[in-house]
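# Working through the structure, step by step
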Amino acid sequence: MIPLIIGWGDNSKKIADIGLMRCQNCSNIVGAELRELSKQINIFFLPVSKWNINNYIMCPICKVGIKINESEKKKILKETIALPANTTSIEIFNKIMVNIEQNDFQKLKNKTDAIVEELLGLGYKSDDISYVFSFILSQLPNTP
Ligand SMILES: [Zn+2]
């Protein structure tokens, strides 16, 4: 008789990229992930049973997650469905931030058109660029 190999443990699966956020734990600006965490039994390394399923908004850098319920999950998925993939958002974010020295955001505002032009030239979608720009502006201290 072949013995069953049963592995117990936590299993985390990415459900979706849900856009940029400033992590409340590590303070980095990251592409947040919606992840499902569950307990599961594996037989011969194949999952056969899952239980205790919970959803989290997770920071991919420090791995800290904020637990959300099912209706919050649905709402977040609906709100973020049109957003670019995290890798794209972070690429655009980095290309925009290269233009900012010493938090000189006024300079960024003056150069917005040129930066958008450059990003479009690199093949990024204008919706994606607008999304990242509005995220960056939402992070700025209020200026008169
Ligand atoms: Zn973090």
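Please refer to the structure higher up on the page.
Described in the following lines is the structure provided in the data block. Along every chain, residues carry numbers that run from 1 in the direction the sequence is written. A pLDDT threshold of at least 70 governs which residues receive local features in this predicted model, and a stricter bar of 80 or more applies before side-chain atom pairs are shown or counted, although totals over entire chains, interfaces and linings include all residues.

### Re the overall build of the chain
To be explicit about the condition: Helix and strand definitions here come from DSSP, where helices need a minimum of 4 consecutive H or I residues and strands a minimum of 2 consecutive E residues; each element is numbered from the N-terminal end. We call a residue exposed when 12 or fewer other C-beta atoms sit within 10 Å of its C-beta, buried when the count reaches 20 or more, and partly exposed for counts in between; the C-beta positions come from the backbone. A residue pair is marked as a contact if its C-beta atoms, positioned from the backbone, fall within 7 Å.
Counting secondary structure elements, the chain contains 4 helices and 4 strands. Counting the 144 residues in the chain, one finds 15% classified as buried. Within the chain, contacts between residues at least 6 apart in sequence are counted, and of these 54% link residues at least 24 apart.

### Notes on the packing of helix α2 (residues 86–97) against helix α4 (residues 126–139)
Selection rule: Fitted lines through C-alpha atoms give the axes, limited to the stretch in contact for helices. The angle between two N-to-C directions lies from 0 to 180 degrees. Any angle from 65 to 115 degrees is called roughly perpendicular, while one under 35 is roughly parallel, one over 145 is roughly antiparallel, and all others are oblique. Whether a crossing is left-handed or right-handed is set by the direction in which the near helix is turned from the far one by less than a right angle, anticlockwise for left-handed and clockwise for right-handed. For this classification, the nonpolar set comprises Ala, Val, Leu, Ile, Met, Phe, Trp, Tyr, Cys and Pro, the charged set comprises Asp, Glu, Lys and Arg, and every other residue, Gly included, is treated as polar.
At a minimum axis separation of 9 Å, α2 and α4 run at an interaxial angle of 60°. On the basis of the axis angle, α2 is oblique to α4. Both α2 and α4 take part in a crossing whose hand is right-handed. For the pair formed by α2 and α4, the contact residues are Thr88, Ser89, Ile92, Phe93 and Ile96 on the first element and Asp128, Ile129, Val132, Phe133 and Ile136 on the second. In terms of residue class, the contact of α2 with α4 is built from 7 nonpolar, 2 polar and 1 charged.

### Quick word on the environment of Ile129
Topologically, Ile129 is positioned in helix α4. Measuring from C-alpha to C-alpha, the distance between Ile129 and Ile115 comes to 9.6 Å, with 14 residues separating the pair along the chain. Contacts of Ile129, omitting those with residues within four sequence positions, involve Ile92, Val116, Leu119 and Tyr124.

### Re the nonpolar core
Selection criterion: We call a set of buried Ala, Val, Leu, Ile, Met, Phe, Trp, Tyr and Cys residues a nonpolar core when their C-beta atoms link them within 7 Å.
Counting 9 residues, the largest nonpolar core consists of Leu20, Leu83, Ile92, Phe93, Ile96, Leu119, Ile129, Tyr131 and Val132. Elements represented by at least two residues in this core include exactly α2 and α4. Excluding its chain neighbours within four sequence positions, the residues that come into contact with Val132 are Leu20, Ser89, Ile92, Phe93 and Ile96. Judged by nonpolar contacts, the second largest core, of 7 residues, contains Ile18, Leu34, Tyr56 and Cys59.

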